[in-house]
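Results of the structural survey
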Amino acid sequence: MAFKPKSAAETKARDLGLALARIAEGEGLPASIGVDQLRRASPRLTPLAVGQMVRKERDTVAATLAERGLALVDYSDQGPGRGMAFTIDAAE
C-alpha cells in the first residue's frame, strides 16, 4: 500500500487530539478542558484552528484520543469571545 501524506488539517487535528490527551491525563478523568488550557499546552492551536479542527476533522481528533484510551465526550462552543470547552473521559 502506498504512503499517503497527511494534509495540514489532519496533522493539526492530530496535534489537537494529543494536546487534549496530555491535559486530560494530567488533570485526571473526566477532564473539562477550556481553550485557554489548550493554548498553554500548544500555542499554535489558535481558537479559530481548534474550532475548525473539531468541525472538519472530528474523526481524526477522536481517533487520536482513542489511541490513548480516551474519548471526546462533549464539545461546546459558545461563540467568539465566549470560549470553547471539551470534556474528555476514558473510552468505554
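We now turn to the structure provided with this report. All residue numbers here refer to positions counted from 1 along the written sequence of the relevant chain. In keeping with the model being predicted, local features are shown solely for residues with a pLDDT of at least 70 and side-chain atom pairs are shown and tallied solely at 80 or more, while totals for entire chains, interfaces and linings include all residues. As a convention, hydrogens and water are excluded, and side-chain values are obtained from all of the structure's heavy atoms.

Axes here mean lines fitted to C-alpha atoms, for a helix over just the part in contact, with angles spanning 0 to 180 degrees between N-to-C directions. Counting from the N terminus, the helices are DSSP H or I runs at least four residues long and the strands are E runs at least two residues long. Interaxial distance between helix 1 (residues 8-27) and helix 3 (residues 47-56) falls to 10 Å at its minimum, and their mutual angle equals 100°. With respect to their mutual orientation, helix 1 and helix 3 come out roughly perpendicular. Across the interface between the two elements, A9, K12, A13 and L16 from helix 1 touch A49, V50, M53 and V54 from helix 3. Any residue outside Ala, Val, Leu, Ile, Met, Phe, Trp, Tyr, Cys, Pro, Asp, Glu, Lys and Arg is labelled polar, Gly included; the first ten of those are nonpolar and the last four are charged. Across the contact of helix 1 with helix 3, the residue classes tally to seven nonpolar, no polar and one charged. Roughly parallel covers angles under 35 degrees, roughly antiparallel covers those over 145, roughly perpendicular covers 65 to 115, and oblique covers all other angles. Contact between two residues is taken to exist if any of their heavy atoms lie within 4.5 Å; hydrogens are not considered.

As a further point, take the pattern of salt bridges. We define a salt bridge as a side-chain nitrogen of Lys or Arg found within 4 Å of a carboxyl oxygen belonging to Asp or Glu. Here the structure, examined in full by the defined rule, presents three salt bridges. Here R14 makes a salt bridge to E67, at a shortest N to O gap of 3.2 Å. Residue R14 is found in helix 1, and its partner E67 is found in helix 4 (residues 58-67); the two are separated by 53 residues along the sequence. Given the relative accessible area of 26%, R14 is considered partly exposed. A 1.4 Å probe rolled over the protein chains alone gives each residue an accessible area, and that area as a share of the maximum for its type sets the label: buried under 20%, exposed over 50%, partly exposed in between. In this structure E67 comes out as exposed when scored by relative accessible area, which is 57%. Linking R44 and D15 is a salt bridge whose minimum nitrogen-to-oxygen distance equals 2.6 Å. Within this pair, whereas R44 is found in the loop between helix 2 (35-41) and helix 3, its partner D15 is found in helix 1, the two being separated by 29 residues in sequence. On the accessibility criterion, R44 (46% relative accessible area) is partly exposed. On the accessibility criterion, D15 (23% relative accessible area) is partly exposed.

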